[in-house]
Amino acid sequence: LTLCSFSFSHQTPKGSCLEAVKTAIDAGYRHIDGAFVYFNEHEVGQAIREKIAEGKIKREDIFYCGKLWNTCHPPELVRPTLEKTLKILQLDYVDLYIIELPMAFKPGDALYPKDENGKFIYHETDLCATWEALEACKDAGLAKSIGVSNFNRRQLEMIMNKPGLKYKPVSNQVECHPYFTQPKLLEFCRQHDIVIVGYSPLGTSRDESWVNVSSPPLLKDPVLNAIGKKYNKTAAQIALRFNVQRGVVVIPKSFNPQRIRENFQIFDFSLTEKEMKEIEALNKNVRYVELLM
Ligand code: A2P
C-alpha cells in the first residue's frame with residue numbers, strides 16, 4: 001500500500017470534496033478512501049482525472065478504495081454496483097474494493113431501508129457468496145485488489161476458510177487510533193498478512209448523530225500533546241504517526257487545506273519504543289463508531 005491516505009465521510013457541501021482531493025494530491029497523498037454512500041465519488045473521480053490531465057500524476061500513482069454498500073450484498077448485484085461506482089468516478093478500475101460492513105440490508109433504492117417502526121430491514125445473504133462475486137470483479141480487472149471492512153476475526157476466518165477460496169482479503173478497514181488500538185485483531189491480521197486500515201484515526205468529527213461522544217476527545221489527550229511538544233508536532237500528527245509506525249494504514253479525513261497538509265507531515269520523525277508503548281497504553285477499548293445497526 002501507498003504511504004498516506006485520505007478519507008471522506010458523510011455528505012459534504014458541493015465541490016468541497018473536489019477541492020480537498022486536489023489539495024491532497026498536491027500535498028502528496030496517493031491513497032484515497034471513498035465510498036458510494038459518501039455521495040461524493042463523482043468529485044473524487046473528477047479531482048483524480050483533473051490531476052492526471054494536469055500531468056501531476058498518472059492513474060497508476062493513485063490508490064483508490066471503493067466500497068460495496070449493505071444493500072448490494074447479493075452476489076448478482078456486486079459487479080453492477082462496482083460498475084456503477086466506476087461510471088460515477090469515470091475510471092476503469094478501483095485499486096481496492098471492499099465489503100463495507102459484514103451485514104446486509106434489503107436491496108433496493110433505499111440505502112437505509114427501514115420498516116414502519118423505524119427498524120432497519122436486514123437481508124439474509126451469504127458473505128462467502130458475496131466474496132466470490134468480489135473475486136470475479138478482480139478477475140475481470142474492475143478491482144486490482146479486494147478486501148473487507150468492519151469484519152471481526154470470526155468473519156475473516158469464515159472467508160479465509162471458504163472452500164475454493166481464490167483470493168483472501170488483502171485488508172480489513174476498522175476503527176483504529178490510540179483510544180481503540182485493536183491489539184488482538186491487529187495481531188491476527190499480521191499473522192495472516194492482512195493489512196489493517198484504520199478509520200477515524202483522529203477520533204472522528206464527534207458528530208453526535210453517529211459518534212459515541214461519551215469517549216473523550218482523542219486530540220485533547222495529554223500524552224499525545226506532550227509527545228507532540230517534544231517533536232514540534234500536533235496531537236493529530238502523533239496519533240497518525242503512531243499507527244503508521246506499527247504498520248496500520250491511516251485514512252484521516254479533512255476538507256481543510258491546512259489540516260490536509262498537516263496530516264501528511266508525519267514522515268520526518270519517529271517515535272521511540274517507549275513513546276509507542278505509552279501511546280498503546282492509552283487504549284480504552286471503546287469505539288467512537290459503534291455502528292449500532
Ligand atoms: P476538518 O475536515 O475540518 O479538518 P477522523 O479522520 O478521525 O474521522 O477525524 C476527522 C475529523 O478531524 C474531522 O472533523 C476533521 O475536520 C478533523 N481533523 C482533521 N485533521 C485534523 C487535524 N490535523 N487537527 C485537528 N482536527 C483535524
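Residue indices follow the written sequence of each chain, beginning from 1 at its first position. Only residues with pLDDT of at least 70 get local features here, since the model is predicted, and only at 80 or more are side-chain atom pairs given and counted; chain-wide, interface and lining totals rely on the full set of residues. Remark: hydrogens and water are excluded; side-chain values derive from all non-hydrogen atoms of the structure.

Enquirer: For this particular structure, what's the right way to read the overall build of the protein?
Expert: Helix and strand content of the protein: 10 helices and eight strands. Radius of gyration here is computed from C-alpha atoms only, and the compact-globule reference equals 2.2 Å multiplied by the residue count raised to the power 0.38. What you see for the protein is a C-alpha radius of gyration of 19 Å, in line with the 19 Å of a compact globule of 293 residues. Taking the principal axes of its C-alpha atoms as reference, the protein extends roughly 55 × 45 × 40 Å. Looking at the protein as a whole, 52% of its 293 residues qualify as buried. Contact between two residues is taken to exist if any of their heavy atoms lie within 4.5 Å; hydrogens are not considered. When contacts within the protein are restricted to residue pairs at least 6 apart in sequence, those whose partners lie at least 24 apart make up 76%. Taking the average location of the 38 positive side-chain charges in the protein and that of its 36 negative ones, the two points are 4 Å from each other. Secondary structure counts use DSSP, requiring at least four H or I residues in a row for a helix and at least two E residues in a row for a strand, with both numbered from the N terminus. Residue burial is assigned from relative accessible area. The probe radius is 1.4 Å, only protein chains are included, and a residue is buried under 20% of its type maximum, exposed over 50%, and partly exposed in between. Positive: Lys, Arg. Negative: Asp, Glu. His and the chain ends are not part of the count. A charged residue contributes its charge at one atom only: NZ of Lys, CZ of Arg, CG of Asp or CD of Glu.

Enquirer: Help me out: how do you make sense of the UniProt feature "site: Lowers pKa of active site Tyr" (unreviewed entry) in the protein in this one?
Expert: Here, the residues flagged by UniProt with the feature "site: Lowers pKa of active site Tyr" (unreviewed entry) are Lys67. Tracing the backbone shows Lys67 in strand E3 (residues 63–68). The exposure class of Lys67 is buried, given its relative accessible area of 2%. Side-chain polar atoms of Lys67 contact the side chain of Asp33, separated by 2.7 Å. UniProt positions are given in the numbering used here, feature names are shortened, and annotations may be inferred rather than shown by experiment. Pairs of N or O atoms are called polar contacts if they sit within 3.5 Å, as long as, within protein, a hydrogen donor faces a hydrogen acceptor (for residues adjacent in sequence, only side-chain-to-side-chain pairs).

Enquirer: In this structure, what is going on with the environment of Val174? I would like to understand it.
Expert: Positionally, Val174 belongs in strand E6 (residues 171–175). We classify Val174 as buried; its relative accessible area is 4%. The sequence separation of Val174 and Ser200 amounts to 26 residues, and the corresponding C-alpha distance is 8.6 Å. In this structure Val174 touches Asn150, Phe151, Gln182, Leu185, Ile196, Val197, Gly198 and Tyr199, once residues within four positions along its chain are discounted.

Enquirer: Even after reading the chapter, I still don't get the site of the ligand, so can you show me in this structure?
Expert: Think of it this way: one heavy atom of a residue within 4 Å of a molecule or strand is enough to make that residue near it. As a structural note, the neighbourhood of the ligand is formed by 16 residues, with Leu202, Thr204, Ser254, Arg259 and Asn263 the closest of them. Within the backbone of Thr204, one N or O atom sits 2.9 Å away from an oxygen atom of the ligand. Take Ser254: an N or O atom from its side chain is 2.6 Å from an oxygen atom of the ligand. Residues are grouped as follows: Ala, Val, Leu, Ile, Met, Phe, Trp, Tyr, Cys and Pro are nonpolar; Asp, Glu, Lys and Arg are charged; all remaining types, including Gly, are polar. Looking at side-chain class alone, the shell around the ligand contains six nonpolar, seven polar and three charged residues.

Enquirer: It is not clear to me how the pairing of strand E4 (residues 94–99) should be interpreted in this structure. Could you clarify?
Expert: Looking down a regular strand, the side chains alternate between one sheet face and the other. In terms of burial, E4 is a largely internal element, six of the six residues being buried. At least two bridges found by DSSP between two strands are what make those strands a pair. Relative to E4, E3 runs parallel, the two being bridged by four bridges. Bridge pairing links Cys65 to Leu96 in E4. Alignment of E4 against strand E5 (residues 143–149), held across five bridges, turns out to be parallel. Note on E5: the bridge partner recorded for Tyr97 is Ile146.

Enquirer: What exactly am I supposed to notice about the packing of aromatic side chains here?
Expert: Any pair of aromatic rings gets described here by the distance separating the centres and the angle formed by the planes. Ring pairs are drawn from Phe, Tyr and Trp, using the six-membered ring of Trp, whenever the two centres fall within 6.5 Å, and their geometry is named by plane angle: stacked under 30 degrees, edge-to-face over 60, tilted for the rest. The final tally for this structure, using the stated rule, is 10 aromatic pairs. A connected cluster of aromatic rings, assembled from ring pairs, spans Trp69, Phe105, Tyr112, Phe120 and Tyr122. Any Lys NZ or Arg CZ that is within 6 Å of a ring centre and within 35 degrees of that ring's normal is treated as a charge sitting over the ring. Across from the ring centre of Tyr167, 4.7 Å away, lies the NZ or CZ of Lys138, which sits over that ring.

Enquirer: When you look at the UniProt feature "active site" (unreviewed entry) in the protein in this model, what are you seeing that I'm missing?
Expert: Mapped onto this numbering, the UniProt entry annotates "active site" (unreviewed entry) at Tyr38. In this structure, Tyr38 sits in the loop between strand E2 (31–33) and helix H2 (41–53). Look at Tyr38 and you get buried, because its relative accessible area is 12%.

Enquirer: Help me understand unusual backbone geometry, please; the structure alone is not making it clear to me.
Expert: Among all residues except glycine, the phi angle is most often negative; among peptide bonds, the trans geometry is most common. Although it is not a glycine, Phe39 adopts a positive phi angle of roughly 60°. Mapping Phe39 onto the fold places it in the loop between E2 and H2.

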